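Each chain is listed here by its residues.
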Amino acid sequence: MKKKILLNAFYNLALIMCILGAIWAYENKSPLISIFLVAAFAAFLYFKIKLIKALKAELKQGYKK
C-alpha cells in the first residue's frame, strides 16, 4: 500500500513537471518538446487513473474483511 501511495505522489509530481515544461517549451517556441511533454502528461494521467482505481478496489476489499 505504501508503495502505491508513493507512486501516486511521483505521478503527481510528474504531471506538474509536464505542465510546467510544456508551458516553458511553448514560450520558447519549441513545438516538438511541447508535444512530447503533452504526450508524457497524457501517459502519466492514464497510469494515475489506473492506480487510483486499483487503490479504491484494494480499500474496498480491506473493509469487507
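Draft legend 1. Region of interest: the pattern of salt bridges. For the coordinates displayed, the defined rule picks out one salt bridge. Among the salt bridges present, the one from E58 reaches K4, with a minimum N-O distance of 2.9 Å. Of the two residues, E58 sits in helix α2 (residues 31–64) while K4 sits in helix α1 (residues 2–27), which places them 54 residues apart along the sequence. We classify E58 as partly exposed; its relative accessible area is 31%. Of the residues examined, K4 reaches a relative accessible area of 28% and is grouped as partly exposed.

Draft legend 2. Representation of the packing of aromatic side chains within the structure. A full pass over the atoms with the stated rule returns five aromatic pairs. Centre to centre, the rings of Y11 and F44 are 6.0 Å apart; their planes meet at 50°, and the pair counts as tilted. Taken together, the positions of Y11 in helix α1 and F44 in helix α2 put the pair 33 residues apart, joining distant regions of the chain. Taken together through their ring pairs, the aromatic side chains of F10, Y11, F44, Y46 and F47 make up a single cluster.

Draft legend 3. Structural context of the environment of L7. Positionally, L7 belongs in helix α1. Residue class for L7 comes out partly exposed when judged on its relative accessible area of 34%.

Draft legend 4. The arrangement of α1 in detail. The end-to-end C-alpha distance of α1, which contains 26 residues, comes to 38 Å, matching closely the 38 Å that a straight helix rising 1.5 Å per residue would cover. Three or more residues of α1 are buried, namely N8, Y11, A14, L15, C18, G21, A22 and A25. In the segment just after α1, K29 is the residue with positive phi, at about 55°.

Cut-offs applied
- Residues numbered from 1 in each chain as written.
- Predicted model: local features only at pLDDT ≥ 70, side-chain atom pairs only at ≥ 80, totals over all residues.
- Heavy atoms only, no water.
- Salt bridge = Lys/Arg side-chain N within 4 Å of Asp/Glu carboxyl O.
- Helix = DSSP H or I, 4+ residues; strand = E, 2+ residues; numbered from the N terminus.
- Buried < 20%, exposed > 50% of the residue type's maximum accessible area, 1.4 Å probe, protein only.
- Phe/Tyr/Trp six-rings, centres within 6.5 Å; stacked < 30°, edge-to-face > 60°.
- Expected span 1.5 Å × (residues − 1).

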